[in-house]
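# Per-entry structural report
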Amino acid sequence: MPIRLDDTPLTTDGPRLRDAIAAAVLKLQNEGRMLVEVKIDGDTVPDAQLEDRADDSVETNQVELFSANPTTLTTSVLEQCRGRLIDARTLQEDAAELLQRDQVGDGLRKLGDSIEPWLQTQQAVAQSAVIAGIDLNAFDLDGQPLTASIEALLAQLQELKQLIEAQDTIALADALAYEWPDTTDRWDHLLAAMIDRIESDTAS
């Protein structure tokens, strides 16, 4: 079956998925783009499964490859993270109120739902920095390297875990009500600065 890269036929040097990916990556490097999605028979193959499926035949399966501009991809992901953190902030504020009213079960559920956006944001910052060629140690924001902001976030998340394990709902509610709003503001500023840096580097 014909292999397609962004709806354009792609020629490869071999019959396996690894050959198709190699050909796509080489072609995209010359165009300043990057491979972002692989579909086989209409289903997206998760990145974690690509190595296991590298020997899949491209002659008996329909293979579609998709690319993106690195700047567009990274800035879009970071903007999405800003939106998710707004949602996380609301969830954490709701969790604090529920905990203060001694509705512990509901409060912990709200808190649990708020954690994933933070983890996704931390991962997105690290991955976007790699794609954009940003040194997190050298990128200074308000006198602090981004690595320090990431480490501080992970420490805060660990603190939440410890408070939950200790069943200290009073301290947990206080942290959510009085500490995490500032953390959200700081990370929104961080994400905006990264977006500006990536767009500036592309324009220069």
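Going by the structure above, here's the rest.
Residue numbers here run from 1 along each chain, matching the order of that chain's written sequence. Per-residue local features are limited, in this predicted model, to residues with pLDDT of at least 70; the limit for side-chain atom pairs, both in listing and counting, is 80 or more; totals at the level of whole chains, interfaces and linings are taken over all residues. Here the side-chain values reflect all heavy atoms present in the structure, with hydrogen atoms and water set aside.

## Some remarks on the overall build of the protein
Spelled out, the test is: Strands here are runs of E lasting at least two residues and helices are runs of H or I lasting at least four, both read from the DSSP assignment and numbered beginning at the N terminus. As defined in this context, the radius of gyration uses C-alpha atoms, and a globule is described by 2.2 Å times the residue total to the power 0.38.
Along the protein, the regular secondary structure elements total five helices and seven strands. Starting at the N terminus, the α and β elements of the protein follow one another as β-β-α-β-β-β-α-α-β-β-α-α. In summary, the protein has a C-alpha radius of gyration of 21 Å against a globular reference of 17 Å for 204 residues, an excess of more than 25%. In terms of its C-alpha atoms, the protein occupies a principal-axis envelope of roughly 65 × 40 × 20 Å.

## With respect to the packing of helix H3 (residues 104-132) against helix H4 (residues 146-165)
Defined as follows: What counts as an axis is a line fitted to C-alpha atoms, over the stretch in contact for a helix, and the angles between N-to-C directions run from 0 to 180 degrees. Angular relationships are summarised with four words: roughly parallel below 35 degrees, roughly antiparallel beyond 145, roughly perpendicular across 65 to 115, and oblique for the angles in between. The hand of a helix crossing depends on one turn: near helix anticlockwise from the far one by less than a right angle means left-handed, and clockwise means right-handed. It only takes one pair of heavy atoms within 4.5 Å for two residues to be counted as in contact. Put simply, Ala, Val, Leu, Ile, Met, Phe, Trp, Tyr, Cys and Pro go in the nonpolar bin, Asp, Glu, Lys and Arg in the charged bin, and everything else, Gly too, in the polar bin.
As a packed pair, H3 and H4 sit with axes 11 Å apart at the nearest point and diverge in direction by 160°. Relative to H4, the element H3 lies roughly antiparallel. Classified by chirality, the crossing of H4 by H3 is left-handed. Contacts between H3 and H4 involve Leu108, Leu111, Ile115, Trp118, Leu119, Gln122 and Val125 on the former and, on the latter, Ile150, Leu153, Leu154, Leu157, Leu160 and Ile164. Here the contact of H3 with H4 is built from residues that sort into 12 nonpolar, one polar and no charged.

## What to know about the environment of Ile131
Tracing the sequence through the fold places Ile131 in helix H3. Taking the C-alpha atoms as reference, Ile131 lies 6.8 Å from Pro70; in sequence the two are 61 residues apart. Apart from residues no more than four positions distant in its own chain, Ile131 is found in contact with Met34, Pro70, Leu73 and Thr74.

## Considering the nonpolar core
Inclusion rule: Side-chain atoms within 4.5 Å are what join buried Ala, Val, Leu, Ile, Met, Phe, Trp, Tyr and Cys residues into a set we call a nonpolar core. The buried label goes to any residue with under 20% of its type's maximum accessible area, the exposed label to any with over 50%, and the partly exposed label to all in between, with areas taken from a 1.4 Å probe on protein chains only.
By size, the foremost hydrophobic cluster in this structure holds 34 residues, and its most contacted members are Trp118, Val125, Leu176, Trp180, Trp187, Leu190 and Met194. Secondary-structure elements contributing two or more residues to this core are helix H2 (70-100), H3, H4 and helix H5 (169-203). For this core, the element with the highest residue contribution is H5, accounting for 12 residues. Leaving out residues up to four positions away in the same chain, Trp180 has contacts with Gln92, Trp118, Leu153, Gln156, Leu157, Leu160 and Ala175. In this structure, Ile3, Leu10, Leu17 and Leu28 belong to the second largest nonpolar core, which totals 15 residues.

## Regarding unusual backbone geometry
At Asp41, a residue that is not glycine, the phi angle is positive and equals roughly 55°. Following the sequence through the fold, Asp41 ends up in the loop between strand E3 (34-40) and strand E4 (43-44). Not every positive phi belongs to a glycine, and Asp102 is a case in point at roughly 65°. Its location among the elements puts Asp102 in the loop between H2 and H3. The class for Asp102 is exposed, based on a relative accessible area of 59%.

## Section: the packing of aromatic side chains
Heads up, the rule is: Stacked, tilted and edge-to-face are the three classes applied to pairs of Phe, Tyr and Trp rings, where Trp contributes its six-membered ring and a pair requires centres within 6.5 Å; stacked means planes under 30 degrees apart, edge-to-face means over 60, and tilted covers the rest.
As enumerated under the stated definition, the model contains two aromatic pairs in all. Note on Trp118 and Trp187: the rings are 6.3 Å apart at their centroids and 85° apart in plane angle, and the pair reads as edge-to-face. Taken together, the positions of Trp118 in helix H3 and Trp187 in helix H5 put the pair 69 residues apart, joining distant regions of the chain. Each member of the pair Trp118 and Trp187 is classed as buried.

## Focus: the pairing of strand E5 (residues 63-68)
In plain terms, the rule: In this analysis, strands are considered paired if DSSP registers two or more bridges between them.
Of all six residues that make up E5, five are buried, and the element is covered over most of its length. The pairing of strand E1 (residues 3-5) with E5 spans two bridges and is parallel. Bridged to Leu5 within E5 is Leu65. For E3 and E5, the ladder comprises six bridges, and the chain directions are antiparallel. What sits directly across from Ile40, in E5, is Val63.

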